[in-house]
Amino acid sequence: MAAHTPAPAAPRARGRRLGSTVAGLLVLGVMLFPLYWMLNTALQPEAGLLQVGPVPTGLDLSGFSKALADQGGNLLTSLVVSLGAVAVCLAVSAPAAYGLARFGLRGTRAIVFGTLITQMVPGIVIANALYTSYVDLGLVNSHFGLMLADASLGIPFSIVLMRAFMVSIPGEVVEAAQIDGAGPVRTFVRVVLPMSRNALITSGLFAFLFSWSDFMFALTLNTTDDVKPITLGIYQYIGAHVGDWGAVMAASVLSAVPAAILLVLAQKYIAAGITGGSVK
């Protein structure tokens, strides 16, 4: 009786890979469909929301022209506030992370845990608590006040991420700099920060995204139109121009472009920054 010959494993492995690829593409399609429909609607500004075709028949950019005319200033405000928030976030979180990673402070784990807990506090609670203080300090309706508030969204995440990365820096490198005469500040600036580039870029990117997408602070801490980020602009835009969905969607597309560009440019640094602290 002839022995049974098992089926080769290679076809089965190729079938599993093909199935995984198809499943991944389906999930990706579902996730990207809202973005496609937003762009599709923006390119059909003359059609009503229920009359938008599945594929644009022409390249009508009038919606983008109107969105830029109406929301261009708000886009610039968001860019200024977000970049300022990144600067504040890194200026606070980088030294804090280095101190928690290298100075052997008592209660470091409790501090890190408390930092993580702050991420669980609802934004509306923080915004309401800040408003009274902002009125007393004269920071309501100011770019700097919104920068400080938005920076608070990224500081806890940045501290935890950069501390994990800085802990993995060999102590011999820091000691060598100190033997050469570098003080704590010079060692931090000249040695630790350059070696923590990936973590800095990752933290800065997430701080930018947190600030760019902020709506709660923008709505609560601004009572006039002097400082209006794009999130608040689109919110008010829908109320004032609810019939012009082409312009609304065009403004949404424009607001997504900076974040998309940064994510594409910094993706390799993000992967290295997030995983860098996992291996010592």
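Criteria and cut-off values
- Residues numbered from 1 in each chain as written.
- Predicted model: local features only at pLDDT ≥ 70, side-chain atom pairs only at ≥ 80, totals over all residues.
- Heavy atoms only, no water.
- UniProt positions renumbered as here; feature names shortened; annotations may be inferred.
- Helix = DSSP H or I, 4+ residues; strand = E, 2+ residues; numbered from the N terminus.
- Expected span 1.5 Å × (residues − 1).
- Bend = angle between axes of the 7 residues up to and from the residue.
- Patch = residues over 30% accessible without salt bridge, like charges linked within 9 Å, V, L, I, M, F, W, Y side chains within 5 Å.
- Areas by Shrake-Rupley, 256 points an atom, 1.4 Å probe, with all protein chains shown as cover.
- Salt bridge = Lys/Arg side-chain N within 4 Å of Asp/Glu carboxyl O.
- Lys, Arg positive; Asp, Glu negative; His and termini not counted.
- Charge placed at Lys NZ, Arg CZ, Asp CG, Glu CD.
- Buried < 20%, exposed > 50% of the residue type's maximum accessible area, 1.4 Å probe, protein only.
- Core = buried A, V, L, I, M, F, W, Y, C linked by side-chain atoms within 4.5 Å.
- Contact = heavy atoms within 4.5 Å.
- Phe/Tyr/Trp six-rings, centres within 6.5 Å; stacked < 30°, edge-to-face > 60°.

The name an unreviewed UniProt entry assigns to the protein chain is Multiple sugar transport system permease protein, from the organism Streptomyces prasinopilosus. Looking at the Subcellular location (unreviewed entry) heading of the UniProt record, one finds this comment for the protein chain: "Cell membrane".

Attention now goes to helix 4 (residues 123–137). For helix 4, which comprises 15 residues, the first-to-last C-alpha distance of 20 Å matches the rise-based estimate of 21 Å (1.5 Å per residue) to within 8%. The sharpest bend along helix 4 comes to roughly 30°, located at Y131.

The UniProt feature table records "transmembrane region" (unreviewed entry) at residues 21–39, 75–98, 110–131, 143–162, 199–219 and 245–266. Helix makes up 82% of residues 110–131 and strand 0%. Its end C-alpha atoms lie 29 Å apart. Spanning residues 199–219, this segment combines 86% helix with 0% strand, and its end C-alpha atoms are found 31 Å apart.

Turning our attention to a positive patch on the surface. Positive charge collects at one region of the surface, where R12, R14, R16 and R17 lie side by side. Structurally, the position occupied by R12 is in helix 1 (residues 9–42). Here R12 falls in the partly exposed class, since its relative accessible area comes to 45%.

Counting 31 residues, the largest nonpolar core has A42 and F64 as the members making the most contacts within it. Where this core is concerned, the elements lending two or more residues are helix 1, helix 2 (62–102), helix 5 (143–167), helix 8 (197–212), helix 10 (230–240) and helix 11 (245–276). If you tally residues by element for this core, the top one is helix 11, at 9 residues. The residues touching F64, leaving out its near neighbours within four places in the chain, are L39, A42, L43, A250, V253 and L254. Counting residues in each nonpolar core, the second largest holds 13 residues, with A94, Y98, F165 and L200 among its members.

On to the packing of aromatic side chains. All told, the structure shown has 9 aromatic pairs when counted by the stated rule. Note on Y98 and F188: the rings are 5.1 Å apart at their centroids and 40° apart in plane angle, and the pair reads as tilted. Here Y98, found in helix 2, pairs with F188, found in helix 7 (residues 184–195); they are 90 residues apart in sequence, far enough to count as distant. We note that Y98, like F188, is buried. Considering the side-chain rings of F215 and Y235, the 5.1 Å spacing of their centres and the 70° angle between planes classify their relative orientation as edge-to-face. Of this pair, F215 sits in the loop between helix 8 and helix 9 (216–220) while Y235 is found in helix 10, placing the two residues 20 residues apart along the sequence. Of the aromatic side chains, those joined through ring pairs into one cluster are F33, Y36 and W37.

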